[in-house]
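Summary of the model geometry
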Amino acid sequence: KNQVEQSPQSLIILEGKNCTLQCNYTVSPFSNLRWYKQDTGRGPVSLTIMTFSENTKSNGRYTATLDADTKQSSLHITASQLSDSASYICVVSDDKKTSYDKVIFGPGTSLSVIP
Amino acid sequence: KAGVTQTPRYLIKTRGQQVTLSCSPISGHRSVSWYQQTPGQGLQFLFEYFSETQRNKGNFPGRFSGRQFSNSRSEMNVSTLELGDSALYLCASSPEISGWETQYFGPGTRLLVL
C-alpha cells in the first residue's frame with residue numbers, strides 16, 4: 001500500500017536554531033515529491049518539488065533532500081524564525097500526471113518556533 | 001494575479017443540515033479540486049472538476065457533491081451533515097487537469113458541525 005510517513009509528529013525549537021523534518025514513503029513507482037508549509041487556518045503553500053533525479057533543492061532557508069533509493073526525503077530549515085511555526089506536509093506522486101486521488105499526502109509535522 | 005479565494009471562511013452548522021462552500025480559482029485556471037483536512041486524517045482528496053465536469057473522485061460518501069460553473073468557479077455541497085464532517089475544506093486550482101505540480105491552494109473554509 002502506498003504510504004507517506006513523517007517524523008517527528010511535532011517539534012519545538014528555539015528561534016535561530018536549525019531543524020530537520022523527515023519524510024519516508026513507500027509510493028512506487030515514484031515520480032515526484034513536494035513539501036508544503038501550512039500556517040494554522042490557511043491553505044498549504046508549496047516550498048519545493050523534486051523529481052526522482054534531484055537530490056537537493058533549496059528555497060531560501062528551506063533545503064529539501066531526496067534519496068530515491070532509500071525512499072526518504074528531509075526538509076532542513078536554517079536559522080529558524082517565529083514565522084516558520086506551521087505544519088509541514090510531504091506529498092508524493094507516482095506519476096507526473098497522476099490523478100489527484102493517487103497523490104499521497106503525509107500527516108504533517110507540526111513545528112513550533114519559540115523566542 | 002489574485003489567488004484562490006474561498007467563501008465563507010468559517011461556518012457553524014448543526015447535524016442534519018446541509019452546507020454549500022464556494023471556491024473561485026486563479027484567473028485562467030480551469031481545474032478546481034476539493035480536499036478535506038482533519039487532524040486525524042490529514043488532507044484527503046474529495047473530487048476534481050475541469051471544464052464543468054467531475055474528472056476524479058476520492059473515497060467519500062454521496063453526501064459530498066460538487067459542481068463547476070462556466071467561469072470555473074466551483075461549489076461543494078455536503079448534505080445531512082454529521083459531526084465527523086467538521087474539518088477544514090480546501091480547494092485548489094490548476095491550469096490543467098490533474099496538474100498537481102501547478103496546483104495552488106485557497107485559504108480554506110473551516111466548518112464546525114454541532
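Up top is the structure these notes are about.
The rules we used
Residues numbered from 1 in each chain as written. Chains lettered and ligands numbered in written order. Predicted model: local features only at pLDDT ≥ 70, side-chain atom pairs only at ≥ 80, totals over all residues. Heavy atoms only, no water. Helix = DSSP H or I, 4+ residues; strand = E, 2+ residues; numbered from the N terminus. Polar contact = N/O pair within 3.5 Å; in protein donor to acceptor, adjacent residues only side chain to side chain. Contact = heavy atoms within 4.5 Å. Pairing = 2+ DSSP bridges. Buried area = accessible area lost by both parts, 1.4 Å probe. Salt bridge = Lys/Arg side-chain N within 4 Å of Asp/Glu carboxyl O. Nonpolar A, V, L, I, M, F, W, Y, C, P; charged D, E, K, R; others polar. Axes fitted to C-alpha atoms, helices over the stretch in contact; angles between N-to-C directions.

1. With respect to the side chain of Gln37(B)
With respect to the helices, strands and loops of the structure, Gln37(B) is situated in strand β4 (residues 31–38). At a separation of 2.8 Å, a polar atom in the side chain of Gln37(B) contacts the side chain of Gln38(A). Beyond its immediate chain neighbours, meaning those up to four positions away, Gln37(B) contacts Gln38(A), Ile89(A), Gly42(B), Leu43(B), Ala87(B), Leu88(B) and Leu90(B).

2. Brief notes about the pairing of strand β6 (residues 56–59) of chain A
Residues and elements named next belong to chain A. Pairing between β6 and strand β7 (residues 62–67): four bridges, direction antiparallel. Bridging across to β7, Ser58 finds its partner in Thr63. As consecutive antiparallel partners, β6 and β7 are separated by two residues, and within that stretch Gly60 has a phi angle of approximately 65°, a positive value.

3. Observations concerning the interface of chain B and chain A
Taken together, the contact between chain B and chain A spans 25 residues of the former and 22 residues of the latter. Of the roughly 1900 Å² buried between chain B and chain A on both sides combined, carbon and sulfur atoms contribute 56%. Together, Leu43(B), Trp100(B) and Glu101(B) form the three largest contributors to the area buried by chain B at its contact with chain A, with a combined 41%. At the junction of chain B with chain A, the criterion picks out zero salt bridges. Of the residues forming the side of chain B that touches chain A, the biggest block, four residues, is contributed by β4(B). Residues that form the side of chain B that touches chain A fall into these classes: nine nonpolar, 10 polar and six charged.

4. Some thoughts on the sheet that holds strand β3 (residues 19–24) of chain B
Residue and element names in this part refer to chain B. Read from one edge of the open sheet, four strands run β1-β3-β8-β7, paired in antiparallel fashion. With partners counted over all chains shown, the strands left at the sheet margins are β1 (5–7) and β7 (64–68), one partner each. Here the average twist between neighbouring strands, direction ignored, is 20°.

Functional significance is not addressed by these values, which are geometric in nature.
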